[in-house]
Amino acid sequence: MAVYKSWSLKWLTIHVIVYTAVVTVFGLFVFDLALLWKYALLNGGIHWVVDFFTSKVVSRYKEKPRLFFVFIGFDQLLHILSLLWTYYLYSSPVT
């Protein structure tokens, strides 16, 4: 999936479906069901958008390890920040 998602929307979408399923399973321990679906689907959508762009950039630098790992790290940073932001969004009480 990692190789194909950079040029195939089908494989990118399959990757995001798997990712969203995993987020949903782990989210069962954190959120009630109403919030879980919002959290998982929002993260899936964000993940799709991030990977749509970063996988294309990363695939161009496969032969340049120094830049390749910088972009991989940036991609992972965006994913972690989106998980934390959405957790904060859905775990904070509405006032």
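See the structure shown above.
Cut-off values and rules
- Residues numbered from 1 in each chain as written.
- Predicted model: local features only at pLDDT ≥ 70, side-chain atom pairs only at ≥ 80, totals over all residues.
- Heavy atoms only, no water.
- Core = buried A, V, L, I, M, F, W, Y, C linked by side-chain atoms within 4.5 Å.
- Buried < 20%, exposed > 50% of the residue type's maximum accessible area, 1.4 Å probe, protein only.
- Helix = DSSP H or I, 4+ residues; strand = E, 2+ residues; numbered from the N terminus.
- Contact = heavy atoms within 4.5 Å.
- Polar contact = N/O pair within 3.5 Å; in protein donor to acceptor, adjacent residues only side chain to side chain.
- Salt bridge = Lys/Arg side-chain N within 4 Å of Asp/Glu carboxyl O.

A. Fine view of the nonpolar core. Counting residues in hydrophobic clusters, the biggest one holds 6 residues: Tyr19, Val23, Phe31, Leu36, Tyr39 and Ala40. Residue assignment for this core shows that the elements contributing at least two residues are helix H1 (9-27) and helix H2 (33-60). Considering every element that reaches this core, the biggest residue donor is H2, with 3 residues. Residues in contact with Ala40, not counting those within four places in the same chain, are Thr20, Val23 and Thr24.

B. A look at the side chain of Thr86. Structurally, Thr86 can be placed in helix H3 (residues 65-91). In terms of polar contacts, Thr86 uses its side chain to reach the backbone carbonyl oxygen of Ser82, at 2.8 Å.

C. Summary view of the pattern of salt bridges. The final tally for this structure, using the stated rule, is 1 salt bridge. For Asp51, the salt bridge identified is with Lys5, shortest N-O distance 2.9 Å. Residue Asp51 is located in helix H2, and its partner Lys5 is located in the segment before H1; the two are separated by 46 residues in the primary sequence. Taking the relative accessible area as the measure of exposure, Lys5 reaches 13% and is therefore buried.

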